[in-house]
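# Coordinate inspection notes
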Amino acid sequence: MAKTVLAVDDSASIRQMVSFTLKSAGYDVVEAVDGMDGLEKAKTKSINLVLTDQNMPRMDGLTLIKNLRAMPQYGKTPILMLTTESSDAMKAQGRAAGATGWLVKPFDPQKLIEVVRKVIG
């Protein structure tokens, strides 16, 4: 069975690129338009990896990560930040919230696939 990735980003074009890239590599992708939407979808589906943006309306990426980490089923699930934010301070906040890794936009589709394969196979 294919592994499922939750792609959370308020940019439709980024969601489409992530979805297309990962689906072509054999993953199932669930798209969410912001952190609130992502949290709701994570509650109803079995997710193997979360890819989230930081800057989104209603709920940002760090808040989403903290909420997911508070749920028993997502205590060990890999969560990658995919964002334009690249400062060391923001990365430290991401690690403190429970982020597994960090990818900076714009992303290289091949690199995204490599990172996803490394963390969930």
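So, a few notes on the structure that sits alongside this text. Please read these numbers as outputs of a predicted model, since none were measured by experiment.

### Points about the packing of helix α3 (residues 61–69) against helix α4 (residues 88–97)
Running from N to C, α3 and α4 cross one another at 15 degrees; their axes reach a closest spacing of 9 Å. Taken together, α3 and α4 sit at an angle that is classed as roughly parallel. Of the two possible hands of crossing, α3 and α4 adopt the one that is right-handed. Here L62, I65, K66 and R69 of α3 lie close against α4, whose contacting residues are M90, Q93, G94 and A97. Among the residues forming the contact of α3 with α4, the class breakdown is four nonpolar, two polar and two charged.

### Comments concerning the pairing of strand β1 (residues 4–8)
Most of β1 is tucked away, with five of its five residues classed as buried. Burial of β1 is two-sided: the residues T4, L6 and V8 facing one way and the residues V5 and A7 facing the other way are all buried. With five bridges connecting them, β1 and strand β2 (residues 28–32) associate as parallel partners. Considered in β2, the bridge of V5 is made with V29. Viewed along the sheet, the connection from β1 through helix α1 (residues 12–24) into β2 turns out right-handed. Sheet analysis places β1 next to strand β3 (residues 49–52), joined by four bridges and oriented parallel. The residue of β3 that forms the bridge with V8 is T52.

### Focus on the sheet that holds strand β4 (residues 79–83)
Read from one edge to the other, the open sheet built from five strands follows the order β2-β1-β3-β4-β5, with strand pairing classed as parallel. In this open sheet, the two edge strands, each paired with only one partner strand, are β2 and β5 (101–104). Adjacent strand axes in the sheet meet at a mean angle of 20 degrees, parallel and antiparallel pairs treated alike. Pairing between β4 and β5: four bridges, direction parallel.

Cut-offs and rules
- Residues numbered from 1 in each chain as written.
- Predicted model: local features only at pLDDT ≥ 70, side-chain atom pairs only at ≥ 80, totals over all residues.
- Heavy atoms only, no water.
- Axes fitted to C-alpha atoms, helices over the stretch in contact; angles between N-to-C directions.
- Helix = DSSP H or I, 4+ residues; strand = E, 2+ residues; numbered from the N terminus.
- Parallel < 35°, antiparallel > 145°, perpendicular 65-115°, else oblique.
- Left-handed = near helix turned anticlockwise from the far one by under 90°.
- Contact = heavy atoms within 4.5 Å.
- Nonpolar A, V, L, I, M, F, W, Y, C, P; charged D, E, K, R; others polar.
- Buried < 20%, exposed > 50% of the residue type's maximum accessible area, 1.4 Å probe, protein only.
- Pairing = 2+ DSSP bridges.
- Right-handed = clockwise from strand over helix to strand, strands pointing away.

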